[in-house]
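# Structural characterization, general
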Amino acid sequence: MTKDQTGRIIGASFGLVFIQASAGSLPTAVAVPLRVLALAAFLRVAVLGRRGRAAVAPAATAPASGTRFGRRYWYVVAAEVLGLVAGLLVIARVLHVPQAAVGWIALVVGVHFSGLAVAWRRPALHALGASIAACGAAGLVLAALGAPTVAIRVAAGILPGVLLLASVWRPGRTDPAAPAAEVRSGTPA
């Protein structure tokens, strides 16, 4: 499996987790089908990711500016983990607003994608990062305003999960910022 395929599966995994963790606040009649659809979407990405694309030559699946799990990737992940831990501690122990946690997580994950966009020279990831960060910010605002938990979880949990799953849905998608000869699959996490 290529690093890009691995990245797609990681992205789908986190999309699945966002939805599974947040769907519990929805009515059962909505939560169950949503969870099943999210699981089906994840399995589709995982199965297609493991099969790969036989029609694409190996050289085309690993462009020089493509996905790399090197030092810069791990710097972004380390910053993400530190941001998550610090923010969650403040939310839980200082602010005492546990319903804001999902908003913080989405905000940090969104910023993390912007870091990956720079580290991997993949400008298309900025759009995904900004979208997820906006969902997280909306969740934080909703929590600050005392909105119902279901509204917070839909804005900052379900929507980012859908965005992540949608971003890795189609294998072999071409990055609009890449030269026409470079084929890239989905969005890695």
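Here, every reference points to the structure presented above.
Below you will find a few notes about this structure. (Residues numbered from 1 in each chain as written. Predicted model: local features only at pLDDT ≥ 70, side-chain atom pairs only at ≥ 80, totals over all residues. Heavy atoms only, no water.)

## As for the overall build of the protein chain
The criterion, for reference: Secondary structure elements are taken from DSSP: a helix is a run of H or I of four residues or more, a strand is a run of E of two residues or more, and numbering for both begins at the N terminus. Throughout this description, buried means an accessible area under 20% of the type-specific maximum (1.4 Å probe, protein chains only), exposed means over 50%, and partly exposed covers the range between. The contact rule is simple, with two residues in contact once any of their heavy atoms fall within 4.5 Å.
The helix and strand inventory of the protein chain stands at seven helices and zero strands. Counted from the first residue to the last, the protein chain has its helices and strands arranged as α-α-α-α-α-α-α. Among the 189 residues that make up the protein chain, the fraction classed as buried is 42%. For the protein chain, the proportion of contacts with a sequence separation of at least 24, taken over those separated by at least 6, is 71%.

## Some words on unusual backbone geometry
Despite not being glycine, His-96 has its phi angle at roughly 55°, a positive value. Mapped onto the elements, His-96 comes out in the loop between α4 (71-95) and α5 (101-119). Relative accessible area serves as the criterion here: at 57%, His-96 is assigned to the exposed category. Phi angles above zero are rare outside glycine, and Arg-121 is one such case at about 55°. Position of Arg-121 among the secondary structure elements: in the loop between α5 and α6 (124-144). Taking relative accessible area as the criterion, Arg-121 reaches 51% and is therefore assigned exposed.

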